[in-house]
Amino acid sequence: MVLFVIFSAIYALTITGNFMIITIIKQESHLHKPMYFFLANLSFLEICYTSTITPNSLINLLKESKTISFVGCFTQMFFFVALGSSECVLLTVMAYDRYIAICQPLFYSTRMNPSLCVQLLCISWVVGLLNSLVHTVYTAMLPFCKDHLIRHFFCDIPPLLKLSCRDTYSNELVSTFVGGSVVITGLMLTFVSYINILRVVLRIRSEKGRQKAFSTCGSHLIVVTIFFGTIIVTYMLPGSDSYNEQKKMLSVMYGVMTPLINPVIYSFRNSDFQKAINKRISQR
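Just so you know, these numbers come straight off a predicted model, no measurement behind them.

Examining the side chain of Ser132
Line of reasoning, step 1. Relative to the elements of secondary structure, Ser132 occurs in helix H6 (residues 114-140).
Line of reasoning, step 2. Within the structure, Ser132 has its side chain in polar contact with the backbone oxygen of Phe78 (distance 2.5 Å).
Line of reasoning, step 3. Among all residues touching Ser132, those that are not within four sequence positions of it are Met77, Phe78, Val81 and Ala82.

Put into structure tokens, the structure is as follows:
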């Protein structure tokens, strides 16, 4: 019951915070920029992402018999992996947006035009859905003739592979190379963007200009570090059974806590958002 109350509060705050970001961006005309367009879509992703696992987990905290159907389990896994992969790509796109804004400001309005923003958003969704489809179909083809006890909080690739009575080496390779390519490629492109941003920022002579540039990128960099870091540790690093138990706790971090942290980071560290929120409060 204690866990139910805690995670219910976290889930409610996550939905409220991310929905607030979407609403403010939609209503404030001065926030109708590529950066906030991607931020609004990130908030929408976070709402869907945490909603794939949290409600069912909350129900299981109150039930004696914690069951899920075969179809329900793989449906949950498909959307969880798809939304997580899409978020990896979207965070990379947001890093590219910051790179153009800081390193090539004179070309920002022409390069980051509405058409390109929509195309980049569609790419993030397509990559996420295709990545998840490969994992879901390939995992669902396995014979599950061992015990049907999923030793995890939700249906995910690693705990499901352990239930199969067939050798899952090929599945692990697919998970590493297909899923890893999405994560590592996104992380490397993000690093390249920020290396170039750092080189440009260090050339700025005024202290105020450097602080403004760092504050613009700081929020996104914190989110990238938390999200990519927990995913790499959970899915791409081998470990013992005791270490794998710790990875389950990390899955709570990126599946439940990260969607809550993101709106807090963006709202409290972003001056434009602070002004928009203060404006809404004063109007109320």
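Topic: the state of the cysteines
The term disulfide refers to a covalent linkage connecting the sulfur atoms of a pair of cysteines.
Line of reasoning, step 1. Under the criterion given, the structure shown has two disulfides.
Line of reasoning, step 2. Through a disulfide, Cys73 is tied to Cys155; the S-S separation comes to 2.0 Å. Disulfide Cys73-Cys155: torsion about the S-S bond near -120°, hence left-handed. With Cys73 in helix H4 (residues 70-103) and Cys155 in the loop between H6 and helix H7 (157-161), the pair connects residues that are 82 residues apart, well separated along the chain. The pair formed by Cys73 and Cys155 is uniform in burial state, with each residue classed as buried.
Line of reasoning, step 3. One disulfide in the model links Cys145 with Cys165; its S-S distance is 1.6 Å. With the S-S dihedral at roughly 135°, the linkage between Cys145 and Cys165 falls on the right-handed side. With Cys145 in the loop between H6 and H7 and Cys165 in the loop between H7 and helix H8 (169-203), this pair connects stretches of sequence that are 20 residues apart.
Line of reasoning, step 4. The connectivity of the disulfide bonds within the protein chain can be written as 1-3, 2-4, using the sequence rank of each bonded cysteine.
Line of reasoning, step 5. Distance from the sulfur of Cys48, which forms no disulfide, to the nearest cysteine sulfur (Cys122) is 15 Å.

Some remarks on the nonpolar core
Line of reasoning, step 1. In terms of nonpolar packing, the biggest core is built from 54 residues, with Ile25, Phe38, Leu39, Leu91, Met94 and Phe273 touching the most fellow members.
Line of reasoning, step 2. Taken together, the elements giving at least two residues each to this core come down to helix H1 (2-27), helix H2 (34-51), H4, H6, H8, helix H9 (207-235), helix H10 (241-269) and helix H11 (271-283).
Line of reasoning, step 3. Per element, the largest residue contribution to this core is 12 residues, and it comes from H4.
Line of reasoning, step 4. The residues contacting Leu91, other than those within four sequence positions of it, are Leu42, Thr190, His220, Val223, Val224, Phe227 and Phe228.
Line of reasoning, step 5. Grouped together as the second largest cluster of nonpolar side chains are 11 residues, Leu142, Cys155, Leu160 and Leu163 included.

Observations regarding the environment of Asp272
Line of reasoning, step 1. Counting through the fold element by element, Asp272 comes out in helix H11.
Line of reasoning, step 2. Along the sequence, Asp272 and His30 sit 242 residues apart, while their C-alpha atoms lie 8.7 Å from each other.

Considerations on the UniProt feature "transmembrane region" (unreviewed entry) in the protein chain
Line of reasoning, step 1. According to UniProt, the "transmembrane region" (unreviewed entry) feature falls on residues 6-24, 36-54, 74-96, 116-134, 177-201, 213-237 and 249-268.
Line of reasoning, step 2. Here residues 36-54 is 89% helix and 0% strand, with 26 Å between the C-alpha atoms at its ends.
Line of reasoning, step 3. Annotation note: span residues 74-96, helix share 100%, strand share 0%, distance between end C-alpha atoms 33 Å.

What to know about a nonpolar patch on the surface
Line of reasoning, step 1. A grouping of Met1, Val2, Leu3, Val5, Ile6, Leu61 and Leu62 is seen on the molecular surface, where their side chains present a nonpolar patch of about 690 Å² in accessible area.
Line of reasoning, step 2. Counting only elements with at least two residues in the nonpolar patch, the list comes to H1 and helix H3 (54-62).
Line of reasoning, step 3. The dominant element in the nonpolar patch, judged by the number of residues it contributes, is H1, at four residues.
Line of reasoning, step 4. Its place among the elements puts Ile6 in helix H1.

Brief notes about the pattern of salt bridges
Line of reasoning, step 1. Taken as a whole, this structure holds one salt bridge when the rule is applied.
Line of reasoning, step 2. Of the charged contacts, one joins Arg98 and Asp97 as a salt bridge, the two residues approaching to 2.9 Å between their closest N and O atoms. No difference in accessibility class separates Arg98 from Asp97, as the two residues are buried.

With respect to the environment of Phe228
Line of reasoning, step 1. Counting through the fold element by element, Phe228 comes out in helix H9.
Line of reasoning, step 2. You can call Phe228 buried: its relative accessible area is 2%.
Line of reasoning, step 3. Each residue touching Phe228, except ones within four places of it in the same chain, is listed here: Cys88, Leu91, Thr92, Val183, Gly186 and Leu187.

Re the packing of aromatic side chains
Line of reasoning, step 1. According to the stated counting rule, one finds 11 aromatic pairs in the structure shown.
Line of reasoning, step 2. Between Phe227 and Phe228 the ring centres are 6.1 Å apart and the planes differ by 90°, which places this aromatic pair in the edge-to-face class.
Line of reasoning, step 3. An aromatic cluster is built from Tyr49, Phe80, Phe154, Phe227 and Phe228, whose rings are joined through pairwise contacts.
Line of reasoning, step 4. Stacked on the ring of Phe107, the Lys or Arg Arg111 has its end atom at 5.3 Å from the ring centre.

Cut-off values and rules
- Residues numbered from 1 in each chain as written.
- Predicted model: local features only at pLDDT ≥ 70, side-chain atom pairs only at ≥ 80, totals over all residues.
- Heavy atoms only, no water.
- Helix = DSSP H or I, 4+ residues; strand = E, 2+ residues; numbered from the N terminus.
- Polar contact = N/O pair within 3.5 Å; in protein donor to acceptor, adjacent residues only side chain to side chain.
- Contact = heavy atoms within 4.5 Å.
- Disulfide = S-S within 2.5 Å.
- Buried < 20%, exposed > 50% of the residue type's maximum accessible area, 1.4 Å probe, protein only.
- Core = buried A, V, L, I, M, F, W, Y, C linked by side-chain atoms within 4.5 Å.
- UniProt positions renumbered as here; feature names shortened; annotations may be inferred.
- Patch = residues over 30% accessible without salt bridge, like charges linked within 9 Å, V, L, I, M, F, W, Y side chains within 5 Å.
- Areas by Shrake-Rupley, 256 points an atom, 1.4 Å probe, with all protein chains shown as cover.
- Salt bridge = Lys/Arg side-chain N within 4 Å of Asp/Glu carboxyl O.
- Phe/Tyr/Trp six-rings, centres within 6.5 Å; stacked < 30°, edge-to-face > 60°.
- Lys NZ or Arg CZ within 6 Å of the ring centre and 35° of its normal.

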